[in-house]
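# Reading the structure
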Amino acid sequence: MREYGGKLILLHKKSYVIIGLIIVAFFSSPKSTSADNANITADHVNVRSGPGTQFAPIGQANTNDQYPILDIKDNWIKIEFKGSNGWIIADYVNISGQPVNLKSPSSKRLTIPFDNTQIRSGPSIAFEIITFANRGETFNVISQTTNWIEVSNGEYTGFLNKALVQKSKSHNEAGHFRFKNKNIVLDAGHGGHDVGAIGATGTYEKDFAYFTTLKLKNELSILGANVLLTRPNDEFISLKSRASYANISDADVFISIHYNSFPRQQNVKGIETYYYHEQNQALAQAIQEGIIQATNAEDRGTSFGDFYVLRQNFKPAVLVELGFISNQNTEKQLQTSFYQKRLVNGIINGLRKHFANQ
Ligand SMILES: [Zn+2]
């Protein structure tokens, strides 16, 4: 990750940008500029051999370090550095006590349009995902290739695929609008004396399914959907009742939520989505893809599944198996609300796509 950029911090006040520009551009002669010091405002900022991230780092600067300024080019500042000289990105530098951002066409901000946008350590999907950015987060754009954008914020520098952020804000709002007045039946698997699968440390599938269902209900409600639960509590509900509940409701979609188990091979992991009626295959596909993109979990794909709640269901219905609780790592991960949020966002992204295609 450091190969591609320094550790950087965000600028807070746009007004300082203007002030900084005026000071540097108009009131400072080249001589007085060169007398200014660059005060570093972040740790581990790469100092490079040239003005751009394509130049190799020759060292790092840290908070409160001061270096005489030799030159300024676009968003890069040339400094005297350890008996030689190097270039440092302006975003993490104060000059004369003022944060400076030398706005140029190459200096841009990017706002993430969707939750769970993958940020990778390099410009290809072969690089690992270093984090997931959420909708509304903003980044400085460091560089761009045909398909990738190098971005940075206070915590990390990484690459995101342009396809993940090219959808416009209006598209996003339209996606939001798509949930309005939609009736979504959520079916938390098992319940009561039927605990479902048993996890690596004795946890119950019914509890995970219920937890995810409530979280999903909450998020969908915020988006304007009417959410109905086949099992509003920890109680036993027959499969027949679950299916009829969907059939008598005006459901646009029915999602049955389950977790898997394969105790004999505890390393088995991954997520899969089932459909019964062929016309629901696309719905299953959209939801599966949404979840895999959001979680980066192993993709076990979509399959025909002869489950009662799908077979006897006359509404668009799918059943998701959101992970193997017999796998100790998965079981642990599923107990974090961070990961649960990813699962829920993935399902929502899948639904958004499904409703968009209707
Ligand atoms: Zn189950």
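Whatever comes next refers back to the structure up there.
Just so you know, these numbers come straight off a predicted model, no measurement behind them.

## A look at unusual backbone geometry
- Phi is positive for Lys82, close to 50°, though the residue is something other than glycine.
- Mapped onto the secondary structure, Lys82 falls in the loop between strand E5 (76-81) and strand E6 (84-89).
- Judged by its relative accessible area of 68%, Lys82 falls in the exposed class.
- The phi dihedral of Asn296 falls on the positive side, at around 60°, and the residue is not glycine.
- Positionally, Asn296 belongs in the loop between helix H6 (281-295) and strand E19 (299-304).
- Judged by relative accessible area, Asn296 falls into the partly exposed class, the value being 46%.

## Focus: the coordination of the zinc ion
- Protein ligation of the zinc ion involves His190 (NE2), Glu205 (OE) and His258 (ND1), the donor distances falling in the range 2.0 to 2.1 Å.
- All donors of the zinc ion belong to a single chain; written as a sequence motif, their spacing is H-x14-E-x52-H. Taken as a pair, Glu205 in helix H4 (residues 205-222) and His258 in strand E17 (residues 253-260) lie far apart in primary sequence, 53 residues in all.
- On the basis of relative accessible area, His258 is assigned to the buried category, the value being 12%.

## Observations concerning the pattern of salt bridges
- The full count for this structure, using the stated rule, is six salt bridges.
- Between Asp187 and Arg242 there is a salt bridge whose closest N-O contact spans 2.8 Å. Taken together, the residues span a long stretch of sequence, with Asp187 in strand E15 (residues 183-188) and Arg242 in helix H5 (residues 239-248) at a distance of 55 residues.
- You can call Arg242 buried: its relative accessible area is 2%.
- Connected via shared salt-bridge partners are Lys206, Arg231 and Asp234.

Conventions and cut-offs
- Residues numbered from 1 in each chain as written.
- Predicted model: local features only at pLDDT ≥ 70, side-chain atom pairs only at ≥ 80, totals over all residues.
- Heavy atoms only, no water.
- Helix = DSSP H or I, 4+ residues; strand = E, 2+ residues; numbered from the N terminus.
- Buried < 20%, exposed > 50% of the residue type's maximum accessible area, 1.4 Å probe, protein only.
- Donors = N, O, S within 2.8 Å, 3.2 Å for Na, K, Ca; no water.
- Salt bridge = Lys/Arg side-chain N within 4 Å of Asp/Glu carboxyl O.

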